[in-house]
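Architecture at a glance
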Amino acid sequence: MTTSWITRPETTADLARIREVNLAAFPSAHEADLVEALRADPEAWLPGLSWVAETADGELAGFALLTRCHVDGEPALTLGPCAVSPEHQRTGAGSAAIEGALRAAREQGENLVLVLGHAEYYPRFGFTPASGFGIRPPFEVEDKYMMALALDPARPVPTGTIRYPAAFGV
């Protein structure tokens, strides 16, 4: 079990390996295709916010992506897809990639990050129900699964409905 991960932004040399990790982590190609669609969307893609976690010998194990979304016209970020190759799941690779991406977002001056995901997993990074911020998704989902994180609690957070990049299809 690896306890220390090398985390960094993706490079063009990583693109095929990122696709492989997403294909291995999910039952269909949907997430891998979504990553590529987001990468091709200049309104969604933000350089430096696609992060990988790799082993000391350079094996790509985890991936986390932040892209531009909006809350009633105000800029925010959405987290996902996130993926870990099956042989590295439950070893911290996913958490390392997510932490790297969130740190980079904070350093780039971003403030609000949204995620639709496991209510037991994402709170470890500080995510809480988005409804507590007055934020709602454009579809029905149980409150505990739509979460938000203010990277700088001193800054204001917009309220309203999330508008995802077109690639998400919502």
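Note that the structure is a prediction, hence the values are computed from the model and not measured.

**Regarding the overall build of the protein**
Counting secondary structure elements, the protein contains three helices and nine strands. Secondary structure elements in the protein, listed N-terminal to C-terminal, are β-α-α-β-β-β-α-β-β-β-β-β. At 15 Å, the protein has a C-alpha radius of gyration in line with the 15 Å of a compact globule built from 170 residues. C-alpha extents for the protein along the principal axes are approximately 45 × 30 × 30 Å. Counting over 170 residues, the protein shows a buried share of 49%. A separation threshold of at least 6 residues defines the contact pool for the protein, and within that pool the share at least 24 residues apart is 68%. Only carbon and sulfur atoms are counted for the fraction: they give 53% of the accessible area of the protein, which is about 8300 Å². The average position of the 13 basic charges and that of the 22 acidic charges among the side chains of the protein differ by 3 Å.

**Thoughts on the nonpolar core**
Counting residues in hydrophobic clusters, the biggest one holds 28 residues, and the most contacted among them are Leu66, Leu79, Ile98, Leu102, Val113, Tyr122 and Phe127. Among the secondary structure elements, those contributing two or more residues to this core are strand E2 (50–54), strand E3 (60–71), strand E4 (74–84), helix H3 (93–107), strand E5 (112–116) and strand E8 (146–150). Per-element tally for this core: the top contributor is H3, with eight residues. Setting aside residues no more than four positions away along its own chain, Leu102 makes contact with Leu66, Val113, Phe125, Phe127, Leu149 and Leu151. Listed in part, the 12 residues of the second largest apolar core include Leu34, Val35, Leu60 and Ala83.

**Looking at the pairing of E8**
Burial analysis of E8 places five of its five residues in the buried class, which makes it a mostly covered element. By the alternation rule, side chains of E8 split into Met146, Ala148 and Ala150 and Met147 and Leu149, which are all buried. Strand direction decides the pairing type here: strand E6 (residues 128–129) and E8, joined by two bridges, are antiparallel. Directly across from Thr128, in E8, lies its bridge partner Ala148.

**Observations concerning H3**
Over its 15 residues, H3 extends 21 Å from the first C-alpha to the last, a length consistent with the 21 Å expected when each residue adds 1.5 Å. Most of H3 is tucked away: 11 of the 15 residues are buried. Along H3, the positions that sit buried rather than exposed are Ala93, Gly94, Ser95, Ala96, Ala97, Ile98, Gly100, Ala101, Leu102, Ala104 and Ala105. Contacts from the buried residues of H3 go to strand E1 (6–9), E2, E3, E4, E5 and E8. Gly109, located one to two residues past H3, shows a positive phi value of around 85°.

**Let's talk about the packing of aromatic side chains**
Considering all chains together, one arrives at six aromatic pairs under this definition. Residues Tyr121 and Phe125 carry aromatic rings whose centres are separated by 5.5 Å and whose planes lie at 70° to one another, so their mutual orientation is edge-to-face. You can call Tyr121 partly exposed: its relative accessible area is 23%. Here the aromatic residues Tyr121, Tyr122, Phe125 and Phe127 are joined through ring pairs into a cluster of three or more.

**As for the side chain of Asp41**
Assignment of secondary structure puts Asp41 in the loop between helix H2 (30–39) and E2. Engagement of the side chain of Asp41 in a polar contact is seen with the backbone nitrogen of Glu43, the distance being 2.8 Å. Here Asp41 is in contact with Pro165 and Ala166, once residues within four sequence places are set aside.

What counts as what
Here the residue numbering is sequential within each chain, running from 1 through the sequence in written order. Residue-level local features of this predicted model are given only where pLDDT is at least 70; pairs of side-chain atoms are given and counted only at 80 or more, and the full residue set underlies all totals for whole chains, interfaces and linings. The side-chain values count all of the structure's non-hydrogen atoms but skip hydrogen atoms and water molecules. Only DSSP runs of H or I covering at least 4 residues are called helices, and only runs of E covering at least 2 are called strands; the numbering of each starts at the N terminus. Throughout, the radius of gyration refers to the C-alpha atoms, and the reference size of a globule is 2.2 Å times the residue count to the power 0.38. Partly exposed describes any residue whose relative accessible area lies between the buried limit of under 20% and the exposed limit of over 50%, with all areas from a 1.4 Å probe on protein chains only and scaled to the type maximum. Here, residues are in contact when the closest pair of their heavy atoms is within 4.5 Å. The protein chains shown are the only cover counted for residues, whose accessible areas, like all others here, come from Shrake-Rupley with a 1.4 Å probe. Here Asp and Glu are counted as negative and Lys and Arg as positive; His is not counted, and neither are the chain ends. Charge positions are represented by NZ for Lys, CZ for Arg, CG for Asp and CD for Glu. Each nonpolar core is a collection of buried residues, namely Ala, Val, Leu, Ile, Met, Phe, Trp, Tyr and Cys, held together in the definition by side-chain atoms within 4.5 Å. Any two strands are treated as partners once DSSP identifies two or more bridges connecting them. The span expected for a helix works out to 1.5 Å for each residue beyond the first. Only Phe, Tyr and Trp rings are paired, with Trp represented by its six-membered ring, and only when their centres lie within 6.5 Å; those with planes under 30 degrees apart are stacked, over 60 edge-to-face, the remainder tilted. Each polar contact in these results corresponds to two N or O atoms within 3.5 Å; when the atoms are within protein, one needs to be able to donate a hydrogen and the other to accept it, and residues that are neighboring in sequence are counted only if both atoms are side-chain atoms.

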